[in-house]
Amino acid sequence: MSKKAPGAPPPFLLWREVLLAYAMPAAMAGAGGAVTGQPQLVAAALTTIGGTSALVAAALGAALRRRPVRARPARTPRALAAAALGLAGAALGLAVGLAAAHWLPQVPRLADSPWPHRLPIDLPVSSAIAATITTWHWRGSRPARTAQHRLPTAPLPERQTS
């Protein structure tokens, strides 16, 4: 096992991202549901909220890891890249949530369930948070931009004072 160089960014570990993407939202939403006495929120925390976050982190993390390493790092600032992919994740989550909320109540067993109606809220929020944090961690694991190479300059001759 090799050790990282001093000052090098931490490695991007996909399994850790997926585990944190599931555990943190599930724990926070589950605790909120338990404190406020909302059993449907506790159930959603363990299924749609945590599951969506883990799925988005796994898919996005795998896609980001497969990107080729360029000789020159990307110019997009870390915060802008995280925000852009967070918004894209929210938009995709909203589209899936709206479609599921429309079609799932037509399934006889889910016709009276409040669960499908939570999806347009749970999926975009979970997707946005997971995409933002995963992108932030991935960009943080990339080498920092180095200064542009400059041509060597000749030393200036010293002035002689008489």
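Before reading further, recall that the structure is shown in the block above.
I will try to describe carefully the structure that is included in this document. (Residues numbered from 1 in each chain as written. Predicted model: local features only at pLDDT ≥ 70, side-chain atom pairs only at ≥ 80, totals over all residues. Heavy atoms only, no water.)

1. A short note on the overall build of the chain
Along its length, the chain carries four helices and zero strands. Sequence-ordered secondary structure for the chain, helices as α and strands as β, is α-α-α-α. Out of the 162 residues belonging to the chain, those deemed buried represent 30%. For the chain, contacts bridging at least 24 residues in sequence account for 78% of all contacts bridging at least 6. Split by element, the accessible area of the chain, about 11500 Å² in all, is 68% carbon and sulfur. (Helix = DSSP H or I, 4+ residues; strand = E, 2+ residues; numbered from the N terminus. Buried < 20%, exposed > 50% of the residue type's maximum accessible area, 1.4 Å probe, protein only. Contact = heavy atoms within 4.5 Å. Areas by Shrake-Rupley, 256 points an atom, 1.4 Å probe, with all protein chains shown as cover.)

2. Observations regarding the layout of surface pockets
What the second largest pocket holds in volume is close to 270 Å³. As for the second largest pocket, its lining consists of 14 residues, and the residues nearest its centre are V56, G89, L92, G93 and S127. In terms of residue count, helix α3 (residues 78–103) provides more of the lining of the second largest pocket than any other element does, six residues in total. Its residues assigned to classes, the lining of the second largest pocket comprises ten nonpolar, four polar and no charged. (1 Å grid on protein atoms, 1.4 Å probe; cavity = no way out; pocket = protein on both sides within 12 Å on 5 of 7 lines; lining within 4 Å. Points joined across faces, edges and corners; volume = space filled by probe spheres on them. Nonpolar A, V, L, I, M, F, W, Y, C, P; charged D, E, K, R; others polar.)

3. Description of α3
Structurally, the α-helix is built with 3.6 residues per turn, so residues lying three or four positions apart point the same way. Relative to the 38 Å expected for 26 residues at 1.5 Å per residue, α3 spans 37 Å between its end C-alpha atoms, a close match to the ideal helical length. If you check which residues of α3 are buried, you get A81, A82, G86, G89, A90, G93, G97, A100 and A101. The elements touched by buried residues of α3 are α4 (115–141). (Expected span 1.5 Å × (residues − 1).)

4. Topic: the side chain of T134
Within the secondary structure, T134 is located in helix α4. Those residues in contact with T134, other than ones at most four positions away along the chain, are F12, E17, A57, L60 and G61.

5. Thoughts on the pattern of salt bridges
One pass over the structure, following the stated rule, counts one salt bridge. R118 serves as the salt-bridge partner of D122, at 3.2 Å between the closest nitrogen and oxygen. One end of the pair, D122, and the other, R118, are both in helix α4, four residues apart, so they sit about a helical turn from each other. (Salt bridge = Lys/Arg side-chain N within 4 Å of Asp/Glu carboxyl O.)

6. Topic: the packing of α3 against α4
Running from N to C, α3 and α4 point in directions that differ by 155°, and their axes come no closer than 7 Å. Relative to α4, the element α3 is oriented roughly antiparallel. Classified by chirality, the crossing of α4 by α3 is right-handed. A breakdown of the residues in the contact of α3 with α4 according to their chemical character gives 18 nonpolar, eight polar and two charged. (Axes fitted to C-alpha atoms, helices over the stretch in contact; angles between N-to-C directions. Parallel < 35°, antiparallel > 145°, perpendicular 65-115°, else oblique. Left-handed = near helix turned anticlockwise from the far one by under 90°.)

7. Here's the deal with the environment of A81
Looking at where A81 falls in the secondary structure, it is placed in helix α3. The class for A81 is buried, based on a relative accessible area of 12%. Placed 58 residues apart in sequence, A81 and R139 show a C-alpha to C-alpha distance of 8.3 Å. Leaving out residues up to four positions away in the same chain, A81 has contacts with T76, T135 and R139.

8. What to know about helix α1 (residues 14–36)
Between its first and last C-alpha atoms α1 spans 33 Å; for 23 residues at 1.5 Å apiece the expected length is 33 Å, and the two agree. Listed in full, the buried residues belonging to α1 are L14, E17, A21, P25, A26, A29, G30 and G33.

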